[in-house]
Amino acid sequence: MDGLEATRKIRRQGNRVPIIALTAHALPAEAARSFEAGCNLHLTKPIDRNELIKAISNQLKNFKDNSSEFTI
């Protein structure tokens, strides 16, 4: 199972947790496939560590702000 299929499975189960695609595929069509599968964000390698941390933080904040299900 690849990451996109795993994302589809997670979404079919009703889980709304943020999913960030981290891939070497930089073409716009590949990003579209990530979003169609249910990813919230599509980042391409190589990625700066600070950029990744910021992206994760933003996704968690957005999820927390829009979900009563979020707990740490």
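Above: the structure in question.
Residues numbered from 1 in each chain as written. Predicted model: local features only at pLDDT ≥ 70, side-chain atom pairs only at ≥ 80, totals over all residues. Heavy atoms only, no water.

Peer 1: So, the pattern of salt bridges: which residues are in play, and what are the values?
Peer 2: Pairing between side chains becomes possible if they bear opposite charge and their charged atoms approach one another. Inspection of the entire model under this criterion finds four salt bridges. A salt bridge links Arg33 to Glu30; its shortest N-O distance comes to 3.1 Å. Here Arg33 pairs with Glu30, and both are found in helix H2 (residues 28-37), just three residues apart, close to one helical turn. Look at Arg33 and you get partly exposed, because its relative accessible area is 38%. When the shortest N-O distance is used, the salt bridge between Asp65 and Lys61 registers 2.7 Å. Of this pair, Asp65 and Lys61 both sit in helix H3 (residues 49-65), four residues apart, roughly one helical turn. Classification of Asp65 as partly exposed rests on a relative accessible area of 48%. In this structure, a network of salt bridges that share partners links the residues Glu5, Arg8 and Arg12. (Salt bridge = Lys/Arg side-chain N within 4 Å of Asp/Glu carboxyl O. Helix = DSSP H or I, 4+ residues; strand = E, 2+ residues; numbered from the N terminus. Buried < 20%, exposed > 50% of the residue type's maximum accessible area, 1.4 Å probe, protein only.)

Purely spatial values, then, with no claim about function.
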